[in-house]
Amino acid sequence: MLNRNFFFDQTKISLFNGKFNQTQIDGLNAILNEWEKSYSKKDDRWLAYMLATTHNEKDRTYRGIEE
């Protein structure tokens, strides 16, 4: 299981200049929930890939979009 307090503390500092908005928190929690539910027994590098891709493609908003 992922230590979410540690994750959010470190992510906030290193990627978001010390603060989140609610959309970012909700988006990150959605990714982490799905990871823990379906993928957590797999290679953790896939979680890093999912987070990095979303971070870059959504311009740090982590907001879902319809394509």
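No experiment lies behind these values; they were computed from the predicted model shown.

Undergrad: Which residues make up the confidence of the model for the chain, and what values do they have?
TA: Confidence in the prediction of the chain, expressed as mean pLDDT, is 87, and 96% of residues score 70 or more. Element-level pLDDT for the chain is lowest in helix 3 (residues 44–57), with a mean of 88, against a maximum mean of 93 in helix 1 (residues 4–15).

Undergrad: So, unusual backbone geometry: which residues are in play, and what are the values?
TA: Its identity as a non-glycine residue notwithstanding, asparagine 17 has a phi of 50°, on the positive side. Mapped onto the elements of the fold, asparagine 17 is located in the loop between helix 1 and helix 2 (22–39).

Undergrad: Please give an account of the packing of helix 2 against helix 3 that cites residues and values.
TA: Between helix 2 and helix 3, the least distance of the axes is 11 Å, while the angle of their chain directions is 155°. With respect to helix 3, the element helix 2 is oriented roughly antiparallel. For the crossing formed where helix 2 meets helix 3, the hand is right-handed. Along the contact surface, helix 2 presents Leu28, Ile31, Leu32 and Trp35, while helix 3 presents Asp44, Trp46, Leu47, Met50, Leu51 and Thr54. Among the residues forming the contact of helix 2 with helix 3, the class breakdown is 8 nonpolar, 1 polar and 1 charged.

Undergrad: Quick rundown of the packing of helix 1 against helix 2? Include the residues and the values.
TA: Put simply, helix 1 and helix 2 touch, their axes get as near as 12 Å, and they point 140° apart. The angle between helix 1 and helix 2 falls in the class oblique. For the pair helix 1 and helix 2, the crossing hand works out as right-handed. Residues Arg4, Phe7, Phe8 and Thr11 of helix 1 form the contact with helix 2, whose participating residues are Ile25, Leu28, Asn29, Leu32, Asn33 and Glu36.

Conventions adopted
Residues numbered from 1 in each chain as written. Predicted model: local features only at pLDDT ≥ 70, side-chain atom pairs only at ≥ 80, totals over all residues. Heavy atoms only, no water. pLDDT = per-residue confidence, 0-100. Helix = DSSP H or I, 4+ residues; strand = E, 2+ residues; numbered from the N terminus. Axes fitted to C-alpha atoms, helices over the stretch in contact; angles between N-to-C directions. Parallel < 35°, antiparallel > 145°, perpendicular 65-115°, else oblique. Left-handed = near helix turned anticlockwise from the far one by under 90°. Contact = heavy atoms within 4.5 Å. Nonpolar A, V, L, I, M, F, W, Y, C, P; charged D, E, K, R; others polar.

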